[in-house]
Amino acid sequence: MGKDFVHPYMPNSVPEIKQEMLQELGVESIEDIYKSVIPEELLYKERLDLPEPILSEHALKKHVMGILEKNVSTEEYTSFLGAGCYKHQVPALCDEINSRGEFLTGYCGDTYSDHGKMQAIFEYTSMMGELLDADVVSYTNYDGGQAVSSSLRIALRVMRSRNTPKSVLLVPSTMNPEIFAQAREYCRSEGRIDKVAYERETGLMDLKDLEERLKSGDVAAVFYENPSYLGFFETRGEKIAELAHKYGALCIAQPEVAALGVMESPMNQGADLVCGDIQPLGMHIQYGGGQAGFIACQQDVELIQEFPTYMYGIAKTGEEGRYGWGRAMNYRCSHGSRENANEYFGTETGLWGITAGVYLASMGPVGMYELGETILQNVNYAIQKLSEVPGIRANVFRNSNFQEFVVDFNETGKTVKEINQALLKEQIFGGKDLSRDFKELGQSALYCVSELTTADEIEHLAEALDQIIRGC
Amino acid sequence: MKETDKKIGFLINPVAGLGGRAGMKGSDDAARCRKALLAGYEKSASCRAEECLKELKGLSMDGWRIYAPEGCMGADVLFKVGIPCEPLENSRIGSLDEETSREDTLYFARRLCGMGMDLILFCGGDGTARDICEAAGSNVPVLGVPAGVKMYSACFATTPCKAGEILKRFIQGKETSFSHREVMDLDENSLDELAVSPTLYGFLTVPDDKVRLQRAKEAGTSEEEEAEVLAAEIRAEMKEDTLYILGPGSTTYRVKQMLHGTGTVRGVDLAKNGRILRADADERTILSFLDREQKAEIIVTCIGGNGFLFGRGNQQISPLVLKKVGKSHIRLAVTREKLSGLGTRPMLVDTGDLETDRYLAGYYKIRLNAKEEIIYRVQAGADALLS
Amino acid sequence: MGYYKTDRDFHEARWDEPIIMELGNPGERGVMVPKADKRVVESTGSVEELLPKGLKRKKPPKLPEMSQMQVLRHYMRLSQETIGTDINIDIGLGTCTMKYSPKIHEQFIRSDKLKELHPYQDESTVQGILEIIYQLEQYLKAISGMSKVSLQPSGGTQAIFANVETIRAYHEARGEGEKRNEIITTILSHPGNPGAAATLGYKVITLYPDENGIPDIEALKAAVSEHTAALMITNPEDTGIYNEKIRQFVDIVHEAGGLCVYDQANLNGLFGITRARDAGFDMCHYNLHKSFSSPHGCQGPGAGAQCVSEELAKYVAAPTVEFDGEKYYLDDNRPDSIGKLRKYYGVPAVLVRAYAYIRSLGPDGIKQIAELSILNNNYMLKKLLEIDGLSMPMAEGKYRLEQARLSWKELTDETGVTTDDICRRIVDYGFQDYFASHHPRIIPEPFTPEPVETYSKDDIDEFVAAFKAIAEEARNDPELVKTAPHKAALGSQIQEEYLTEWENFATTWRAFR
């Protein structure tokens with residue numbers, strides 16, 4: 001094959017057309033153009049070290065799918081993995097709509113060219129507003145970790161604009177370790193993240209330790225998850241908010257969105273900011289690629305001013321009853337003054353926002369209720385069944401759980417890694433190994449069920465664990 | 001109508017813009033204007049004014065009164081678009097419809113000011129802006145509808161429609177903050193010479209156009225906010241026991257407002273230890289102060305559009321003053337917005353002494369706030385024209 | 001023959017679709033949810049029994065209650081009111097590289113073998129995706145000349161952020177973290193650069209271009225000092241003007257002890273022609289949703305690649321994907337790493353698309369992307385600049401690479417029609433509204449087109465013809481342009497104070513009502 005070849009993605013690779021265009025410009029070759037502006041010593045003279053092209057679509061498909069076939073998916077094996085990425089039923093409409101070329105290949109077209117996109121995004125934030133009981137919902141950002149990190153920095157900025165600068169952010173020790181790591185680096189130049197102790201018995205935030213730390217007067221915000229990363233409900237959200245406010249701090253909460261059909265929104269329990277991830281609302285797990293973050297609050301200018309992302313606002317038009325949309329209060333995004341040092345933002349996760357809208361519209365209030373109901377029942381059944389397995393403790397924190405629970409394998413003499421390897425043979429993905437992130441829990445794992453998990457699968461897990469532990 | 005009603009004055013310079021179509025560089029020359037009229041060139045200012053006023057269609061004017069000179073200097077257009085007004089009778093000259101002059105603009109602008117307007121809307125060009133500035137000073141809020149040939153001044157809305165939008169928002173009570181904008185003009189008769197550039201004539205108080213919607217992927221802080229932050233930064237930088245020579249302009253005026261005493265928008269003021277020692281100082285005064293002081297700094301802004309730093313509107317800061325203070329003691333107070341307006345052109349100095357100009361040339365750091373600095377080029381005006 | 005149509009009678013779909021919050025009827029269902037098995041329900045209980053007291057939701061969320069087809073129809077209509085790259089000649093959105101996103105890629109990423117993988121699965125069950133990520137890294141090393149690539153960033157700006165974190169880690173490791181607190185950038189570099197630098201507390205020094213459209217060497221010399229942590233620069237910038245002094249820039253900053261970071265979000269004019277490392281840069285980044293073909297998805301998800309030199313390899317985000325000769329694995333044991341940028345590992349669907357894209361082009365095809373982008377751009381510019389009232393400020397007579405920043409100033413001065421007006425009017429011709437400029441606009445009435453390699457000569461001709469027609473309209477009937485759009489989904493202009501005043505601000509239906 002020659003150096004130049006006609007490629008289906010490049011109409012002007014046809015030599016005659018290329019020639020015609022060069023003639024129009026009055027140059028011999030394209031090389032002449034770029035050599036006139038790029039210094040000789042910077043030109044790359046070799047051929048790029050890349051594999052030769054796979055030209056037919058069929059061959060490309062064989063090649064790429066051939067590699068992907070090496071994966072084993074959660075459709076083939078039964079998965080008990082969660083830990084921030086949750087497999088749920090994805091309505092066919094979600095995939096249908098986010099495959100539409102108009103949405104899939106749209107970008108930053110604005111009010112007039114992309115009216116439909118703007119409406120879809122506004123509808124997403126409107127439905128999220130209902131789910132969260134919040135008046136203001138941001139455009140989607142990278143992921144829940146980014147949403148938490150930005151919420152924490154919003155709190156630091158709010159404190160500064162109140163002329164009470166504070167530098168400490170309190171989070172639970174049971175927090176999602178990936179988000180914690182992300183937030184720690186993100187906030188490091190502006191503040192410090194400290195962990196509040198938890199009660200060994202219940203896993204809940206230790207309110208005494210919390211109050212002690214708040215007394216320093218240097219706390220900008222208290223953050224909690226509900227349910228916690230380790231699966232149990234945080235039953236004292238109202239108390240946490242009350243303490244935070246008592247000492248002049250904000251309260252930030254991350255609810256699990258799939259629980260909100262049955263669970264009260266933290267917004268109604270005193271939280272000032274609510275943030276999290278919408279992946280459970282219609283996004284496939286995609287090896288972690290379906291994540292998208294949100295931040296919400298009530299109509300409070302002090303907080304909204306500090307939101308770092310786009311916000312799509314509704315606007316009336318010249319015609320009665322017809323609305324348009326645009327980026328609202330845009331100056332926030334690059335607020336240049338010293339007290340309000342900016343956060344960066346870029347192309348984040350718009351398509352997932354639209355998809356979550358389709359999901360919420362399909363589910364409706366009843367669907368969201370039933371989702372929560374099924375998960376609650378399944379998780380309790382799983383705890384029951386695993387509790388029957390001798391040698392393991394199925395719910396370390398004696399608490400009510402949503403979709404996940406900690407299983408303690410310390411008594412078995414086996415590591416979680418060994419157990420999970422053995423489960424693989426049973427075509428089961430065992431729970432997330434906690435031994436590295438939660439050393440105090442020893443050999444424990446975080447198990448997750450969903451509305452898709454069947455009683456048979458739970459029973460199969462219990463049997464398999466029983467056999468592995470007994471060494472059969 | 002009640003006594004508590006708010007008042008808007010409205011004034012058109014009917015011959016503004018006339019010179020443009022007639023191939024003149026402006027319409028300041030009354031005799032040439034007359035010739036143009038006779039030659040059949042039409043007056044366009046009233047059309048511009050009409051475009052602006054159309055934006056008010058359907059707006060409730062309850063609580064507002066509009067005052068305008070009768071005839072072509074205002075009332076006619078208002079009548080045409082159906083906005084009620086109180087015409088100011090013409091007691092000064094015979095027939096306004098025929099020929100108007102600078103004096104008419106000055107006369108009515110002064111009269112409107114005397115009546116205590118909340119805003120004066122004027123329609124014209126740089127020459128008109130100069131006249132308004134002369135009559136109204138920089139304390140009465142005004143808004144310019146662009147209709148002239150020369151449009152160097154920053155007190156005009158970008159288009160007549162935009163002016164209408166701003167006016168509408170003002171009437172609705174949505175436009176409540178103001179800033180000082182430059183009034184500039186150049187002598188149209190010497191325009192053919194390349195070397196000429198607009199001169200700063202003063203400042204007008206103009207409602208802020210906060211609507212800064214852009215199709216851009218990112219939008220920035222408004223110029224107002226930026227200038228505020230910049231001024232605060234400069235104020236914080238100011239050292240004890242140092243004489244500050246503060247040039248004219250809206251950005252430096254913000255700094256002056258942060259000091260004790262009353263500063264001027266147009267003049268060069270001297271300050272020390274947070275206090276204005278002398279407002280509107282001339283060269284001799286500056287030099288006599290410099291003789292007494294160990295340390296001195298100059299804080300100066302550039303003129304929007306043409307980028308003159310020294311030599312336009314601040315000649316008091318003379319070559320001698322500049323040499324005494326020294327290049328390293330010049331603090332530039334320029335916002336990013338203003339720099340954007342320069343395109344990619346350098347800022348210029350034209351002190352009347354080429355040697356001083358070349359001494360001042362070079363790269364300057366402009367600190368905008370604690371976190372942002374800009375490096376920008378300053379060039380001698382003469383050299384800029386050569387290159 | 002060809003694609004060029006002179007008399008296209010376009011009108012965007014206009015459904016006047018109500019807000020979804022107003023649709024549906026009580027009791028309707030869009031989808032049924034799996035119920036727990038009977039024996040599960042019997043041995044567990046009801047929501048009331050299983051939820052802690054006080055946590056039970058008091059009022060159900062006021063979500064729409066709609067049947068499936070009605071939800072579908074609503075969203076199909078909204079999609080028809082959106083102009084994606086698939087349906088228009090998307091040249092106007094410069095700097096965004098709106099190229100064709102091959103449809104075959106969508107089949108890959110929608111296979112269960114990708115979309116149903118959990119990020120915490122055992123490595124032995126995800127060898128396929130790890131292989132693709134690893135190989136993609138190798139390809140990007142070849143393209144950039146760098147030694148290590150991290151594909152963890154969720155988007156281009158997050159990759160810039162990763163580079164700033166790496167700058168911080170590098171200087172901290174040398175005990176100069178406190179001292180080196182300044183980052184130098186240019187006014188025409190993407191705002192993500194100063195944005196990410198400021199996010200981590202750096203002071204930002206900005207250089208302005210001279211009449212050649214590139215920043216002056218002297219300005220850079222005035223900017224560097226012992227406080228310089230890094231230079232972060234785009235080349236070409238939004239203007240498409242190649243900074244031929246780039247090597248000198250790098251040397252000056254290196255001499256001062258700073259690092260040099262190349263913003264190569266848009267690589268479309270440079271593939272195989274010049275490489276970041278060869279110009280002396282320590283780091284660069286790519287947006288995989290730009291030059292590497294992933295669809296933009298109404299602003300994401302995208303993905304970024306952080307590419308660094310050998311010396312900086314130990315700092316990249318953890319985990320990295322490694323290969324031990326037999327199997328691929330995630331390496332979390334990287335003590336010097338800047339840590340996590342996002343949960344899990346990058347945005348795998350975008351990585352698979354980028355992988356497939358490179359495989360379908362090979363070394364010569366990849367270089368041809370750059371060549372045809374340059375050809376298309378200069379051909380388009382020649383045609384566009386024949387329009388009276390449109391100009392290309394700075395660096396007169398110089399070729400641009402893949403894009404250019406133009407100015408409608410002359411037309412605006414003459415007619416009062418602004419770039420924002422034209423941007424709305426172009427929608428009436430069936431094009432997406434275009435990209436004017438990043439903020440601030442140092443070029444007046446800006447317009448930034450980018451005709452990437454996937455557009456045909458005819459496409460470009462039609463694009464140019466539309467602007468020519470609008471320029472004529474601006475002269476003959478300016479009101480037509482100023483009151484545009486007329487044939488878009490939204491037929492009238494919005495009242496902008498709804499977007500600029502807190503009293504009108506509403507991002508949800510409940511707040512608006």
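None of these values were measured; they are calculated from a predicted model.

Definitions and cut-offs
Residues numbered from 1 in each chain as written. Chains lettered and ligands numbered in written order. Predicted model: local features only at pLDDT ≥ 70, side-chain atom pairs only at ≥ 80, totals over all residues. Heavy atoms only, no water. Helix = DSSP H or I, 4+ residues; strand = E, 2+ residues; numbered from the N terminus. Buried < 20%, exposed > 50% of the residue type's maximum accessible area, 1.4 Å probe, protein only. Contact = heavy atoms within 4.5 Å. Areas by Shrake-Rupley, 256 points an atom, 1.4 Å probe, with all protein chains shown as cover. Lys, Arg positive; Asp, Glu negative; His and termini not counted. Charge placed at Lys NZ, Arg CZ, Asp CG, Glu CD. Pairing = 2+ DSSP bridges. Axes fitted to C-alpha atoms, helices over the stretch in contact; angles between N-to-C directions. Salt bridge = Lys/Arg side-chain N within 4 Å of Asp/Glu carboxyl O. Domains from an automatic or database assignment. Parallel < 35°, antiparallel > 145°, perpendicular 65-115°, else oblique. Left-handed = near helix turned anticlockwise from the far one by under 90°. Nonpolar A, V, L, I, M, F, W, Y, C, P; charged D, E, K, R; others polar. Buried area = accessible area lost by both parts, 1.4 Å probe. Phe/Tyr/Trp six-rings, centres within 6.5 Å; stacked < 30°, edge-to-face > 60°. Lys NZ or Arg CZ within 6 Å of the ring centre and 35° of its normal. Polar contact = N/O pair within 3.5 Å; in protein donor to acceptor, adjacent residues only side chain to side chain. Right-handed = clockwise from strand over helix to strand, strands pointing away. Core = buried A, V, L, I, M, F, W, Y, C linked by side-chain atoms within 4.5 Å. 1 Å grid on protein atoms, 1.4 Å probe; cavity = no way out; pocket = protein on both sides within 12 Å on 5 of 7 lines; lining within 4 Å. Points joined across faces, edges and corners; volume = space filled by probe spheres on them.

Considering the overall build of chain C
- For chain C, the count of helices and strands is 17 helices and 11 strands.
- Across its three principal directions, the C-alpha atoms of chain C cover 80 × 65 × 50 Å.
- Out of the 513 residues belonging to chain C, those deemed buried represent 70%.
- In chain C, of all internal contacts separated by at least 6 residues, the share reaching a separation of at least 24 is 73%.
- As displayed, chain C offers around 15,600 Å² of accessible surface, 46% of which is attributable to carbon and sulfur atoms.
- For chain C, the separation between the mean place of its 58 positive charges and that of its 76 negative charges on side chains is 6 Å.

Observations regarding the sheet that holds strand 3 (residues 86-88) of chain B
All names here are of chain B.
- Taken in spatial order, the five strands of this open sheet run 3-2-1-4-5, and their pairing is parallel. Of all strands in the sheet, those bounded by a partner on one side alone are strand 3 and strand 5 (142-146). Direction aside, the axes of adjacent strands within the sheet are offset by 20° on average.
- Two strands pair when backbone bridges link them, and strand 2 (residues 64-69) and strand 3 are joined in this way by three bridges, in the parallel orientation. Counted as the bridge partner of A68 is P87 from strand 3.
- Set on the sheet, helix 5 (residues 102-114) makes contact with strand 1 (6-12), strand 2, strand 3 and strand 4 (119-124); between it and strand 1 the angle comes to about 180°.
- Strand contacts of helix 6 (residues 126-136): strand 1, strand 4 and strand 5, with the helix running at about 150° to strand 4, the strand carrying the most contacts.

Topic: the side chain of K482(C)
Residues and elements named next belong to chain C.
- Relative to the helices and strands, K482 resides in helix 15 (residues 478-482).
- Buried within the structure, K482 lacks any salt-bridge partner; its nearest side chain of opposite charge belongs to E479, at an N-O separation of 4.3 Å.
- When neighbours within four sequence positions are excluded, K482 is seen to be in contact with T415, G416, V417, D421, R424 and Q493.

Quick notes on the domain arrangement of chain A
- By domain assignment, chain A separates into domain 1 (11-56), domain 2 (78-85 + 368-469) and domain 3 (92-359).
- The straight-line distance from the C-alpha centre of domain 1 of chain A to that of domain 2 of chain A is 58 Å.

So, the packing of helix 11 (residues 348-384) of chain C against helix 14 (residues 457-476) of chain C
All names here are of chain C.
- At a minimum axis distance of 10 Å, the contact between helix 11 and helix 14 shows a crossing angle of 30°. It follows from the interaxial angle that helix 11 and helix 14 lie roughly parallel. Handedness of the helix 11/helix 14 crossing: right-handed. Across the interface between the two elements, N376, Y379, M380, K383 and L384 from helix 11 touch K457, I460, D461, F463, V464 and F467 from helix 14.
- Of the residues that constitute the contact of helix 11 with helix 14, the class distribution is seven nonpolar, one polar and three charged.

Observations concerning the interface of chain A and chain C
- Taken together, the contacts link 206 residues of chain A with 198 residues of chain C.
- Together, the buried faces of chain A and chain C total about 18,700 Å²; carbon and sulfur atoms form 62% of this surface.
- Of all residues in chain A, Y9(A), Y112(A) and Y287(A) give up the largest surface area on contact with chain C, accounting jointly for 6% of the area buried on that side.
- The partner of E20(A) in a salt bridge is K457(C), and the shortest N-O contact between them spans 3.3 Å.
- In terms of residue class, the side of chain A that touches chain C is made up of 92 nonpolar, 65 polar and 49 charged.

Focus: the packing of aromatic side chains
- Scanning the model with the defined rule gives 41 aromatic pairs over all chains in all.
- On the numbers, 6.1 Å between centres and 45° between planes, the contact of F80(A) with Y447(A) is tilted. With F80(A) in the loop between strand 1 (78-79) and helix 4 (92-99) and Y447(A) in strand 14 (residues 444-448), the pair connects residues that are 367 residues apart, well separated along the chain. Comparing F80(A) with Y447(A), the two get one shared label, buried.
- Cluster of aromatic residues (ring-pair linked, three or more members): W408(C), F431(C), Y434(C), F447(C), F463(C) and F467(C).
- Cation over ring: K195(A) sits above F180(A), and NZ or CZ is 4.2 Å from the ring centre.
- Just above the ring of Y201(B) sits the side chain of R130(B); from NZ or CZ to the centre is 3.7 Å.

Overview of the pattern of salt bridges
- Overall, the coordinates contain 102 salt bridges over all chains when judged by the stated rule.
- Here R236(A) and E199(A) are joined by a salt bridge, their closest N and O atoms 2.9 Å apart. Taken together, the positions of R236(A) in the loop between strand 5 (219-226) and helix 10 (237-246) and E199(A) in the loop between strand 4 (192-196) and helix 9 (207-214) put the pair 37 residues apart, joining distant regions of the chain.
- In this structure, the salt-bridge partner of D278(C) is R275(C), at a minimum N-O distance of 2.9 Å.
- A relative accessible area of 15% places R275(C) in the buried class.
- Salt bridges sharing partners connect three or more residues here, namely E233(B), E237(B), R331(B), K365(B), R367(B), E373(B), E182(C) and K203(C).

So, the environment of Q315(B)
All names here are of chain B.
- Along the chain, Q315 turns up in the loop between strand 12 (308-310) and helix 11 (319-325).
- Classification of Q315 as partly exposed rests on a relative accessible area of 47%.
- Spatially, the C-alpha atom of Q315 lies 9.3 Å from that of V268, the residues being 47 residues apart in sequence.
- Within the structure, the side chain of Q315 is placed 3.1 Å from the backbone oxygen of G311, a separation counted as a polar contact.

Structural notes on the pairing of strand 5 (residues 259-263) of chain C
All names here are of chain C.
- For strand 5, a buried count of five out of five residues is recorded, marking the element as mostly surrounded by other parts of the structure.
- Neither face of strand 5 is exposed, since L259, V261 and D263 on one face and C260 and Y262 on the opposite face are all buried.
- Note that strand 4 (residues 228-234) and strand 5 share five bridges and pair parallel. Across the sheet, L231 pairs through a bridge with C260, a residue of strand 5.
- A crossover links strand 4 with its parallel partner strand 5, the connecting element being helix 10 (residues 246-255), and its sense is right-handed.
- In this structure, strand 5 lies alongside strand 6 (residues 283-287), joined through three bridges in parallel fashion. Note on strand 6: the bridge partner recorded for D263 is H285.

Observations concerning the nonpolar core
- Counting 134 residues, the largest nonpolar core has L140(C) and L288(C) as its most contacted members.
- Broken down by element, the residue count for this core peaks at 20 residues, all from helix 11 of chain C.
- Here this core gathers at least three residues from each of two domains, domain 1 (11-56) and domain 3 (92-359) of chain A.
- When residues no more than four places from it in sequence are discounted, the contact partners of L140(C) are G145(C), V149(C), L151(C), Y286(C), L288(C), F292(C), A305(C) and I358(C).

Let's talk about the side chain of D408(A)
Residue and element names in this part refer to chain A.
- You can see D408 is positioned in strand 11 (residues 404-408).
- The exposure class assigned to D408 is buried, which follows from its relative accessible area of 10%.
- Discounting residues that sit within four places of it in the chain, D408 has contacts with G391, I392, R393, V396, Q443 and S444.

Points about the packing of helix 12 (residues 350-387) of chain A against helix 14 (residues 455-470) of chain A
Residues and elements named next belong to chain A.
- Here helix 12 crosses helix 14 at 25°, and the two axes come no closer than 9 Å. Overall, the two elements helix 12 and helix 14 adopt an arrangement that is roughly parallel. In this structure, helix 12 crosses over helix 14, and the sense of that crossing is right-handed. For the pair helix 12 and helix 14, contact is made by N378, Y381, A382, K385 and L386 and by A455, I458, E459, L461, A462 and L465, respectively.
- Of the residues belonging to the contact of helix 12 with helix 14, the class tally is eight nonpolar, one polar and two charged.

With respect to the layout of surface pockets
- A volume near 1,500 Å³ is recorded for the second largest pocket.
- Looking at the second largest pocket, it is lined by 47 residues, and the ones nearest its centre are K432(A), D433(A), R436(A), Y120(C) and D332(C).
- Secondary-structure elements contributing two or more residues to the lining of the second largest pocket are helix 8 (177-187), helix 13 (416-425), strand 12 (428-429) and strand 13 (432-433) of chain A.
- For the lining of the second largest pocket, a count of residues per class yields 19 nonpolar, 12 polar and 16 charged.
- Shared between two domains, the lining of the second largest pocket takes at least three residues from each, and those domains are domain 2 (78-85 + 368-469) and domain 3 (92-359) of chain A.

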